[in-house]
Amino acid sequence: MKKFAIGCILAAAFATAAHAATTMPAAPTDSWTITNYYKQNVYDPKESKIGTIDDVLVDKAGKVTGLVVGVGGFLGAGEKDVIVPYTAVKSQKKDDKWWLTLDETKDSLKAAPGFKYDRASTTWIPENK
């Protein structure tokens, strides 16, 4: 009976430890919030709006690898989604808001390959597939 009681106590301890969340005492100093990008406007070097960030792509290690930019259209109708490398978008604080720039024009993005989100595979696939 004593062994059974010890076994139950150990099992409870392991189960509690397995479900305990690991938390951080503070946000990492070199981290950014996704809201600095998601649904934000993107501008060309001449400060003309060229699109909006529609999605943020993250690899399995948690590193941001790409940004899906919606270009063209009106209120989402006729919009084309293109993917640009995360490192291609530069950010700065302007008028107390994040200002995102991309060294591209709206026309060059409209000419780039388009992508659509495939819910079945939960990934972005080329539009022509």
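Up top is the structure.
Read on for an overview of the structure. Just so you know, these numbers come straight off a predicted model, no measurement behind them. (Residues numbered from 1 in each chain as written. Predicted model: local features only at pLDDT ≥ 70, side-chain atom pairs only at ≥ 80, totals over all residues. Heavy atoms only, no water.)

Let's shift gears to the pairing of strand E3 (residues 64-71). With six of eight residues buried, E3 lies mostly within the body of the structure. Two elements, strand E2 (residues 49-58) and E3, share six bridges in a ladder whose sense is antiparallel. Bridge pairing in E3 links aspartate 55 to valine 68. Linking E2 back to E3 in an antiparallel pair, the connection comprises five residues, with glycine 62 at a positive phi of about 95°. (Buried < 20%, exposed > 50% of the residue type's maximum accessible area, 1.4 Å probe, protein only. Helix = DSSP H or I, 4+ residues; strand = E, 2+ residues; numbered from the N terminus. Pairing = 2+ DSSP bridges.)

We now examine the side chain of aspartate 81. Within the secondary structure layout, aspartate 81 lies in strand E4 (residues 80-85). Lacking a salt bridge, the buried aspartate 81 has lysine 39 as its closest oppositely charged neighbour, with an N-O distance of 8.0 Å. Setting aside residues no more than four positions away along its own chain, aspartate 81 makes contact with Asp54, Val68, Val69, Gly70, Pro113, Gly114, Phe115 and Trp124. (Lys, Arg positive; Asp, Glu negative; His and termini not counted. Salt bridge = Lys/Arg side-chain N within 4 Å of Asp/Glu carboxyl O. Contact = heavy atoms within 4.5 Å.)

Here the structure, examined in full by the defined rule, presents three aromatic pairs. Measuring from centroid to centroid gives 5.6 Å for tyrosine 117 and tryptophan 124, while their planes differ by 65°, and the two rings are edge-to-face. Look at tyrosine 117 and you get partly exposed, because its relative accessible area is 37%. A cation over a ring is seen here: lysine 94 above tryptophan 99, with NZ or CZ 4.2 Å from the ring centre. (Phe/Tyr/Trp six-rings, centres within 6.5 Å; stacked < 30°, edge-to-face > 60°. Lys NZ or Arg CZ within 6 Å of the ring centre and 35° of its normal.)

Take the environment of serine 48 next. Among the structural elements, serine 48 can be located in the loop between strand E1 (41-43) and E2. Each C-alpha atom, one on serine 48 and one on threonine 105, is 8.7 Å from the other, the two residues being 57 residues apart in sequence.

In this section: a positive patch on the surface. On the surface, a cluster of positive charge is contributed by Lys49, Lys97, Lys106 and Lys110. With respect to the helices and strands, lysine 106 occurs in helix H2 (residues 106-111). Given a relative accessible area of 33%, lysine 106 falls into the partly exposed group. (Patch = residues over 30% accessible without salt bridge, like charges linked within 9 Å, V, L, I, M, F, W, Y side chains within 5 Å. Areas by Shrake-Rupley, 256 points an atom, 1.4 Å probe, with all protein chains shown as cover. Charge placed at Lys NZ, Arg CZ, Asp CG, Glu CD.)

This next bit is on the side chain of glutamine 40. For glutamine 40, the position within the fold is in the loop between helix H1 (2-19) and E1. Beyond its immediate stretch of four places on either side in the chain, glutamine 40 contacts Thr35, Gly51, Thr52, Ile53, Lys97, Trp98 and Leu100.

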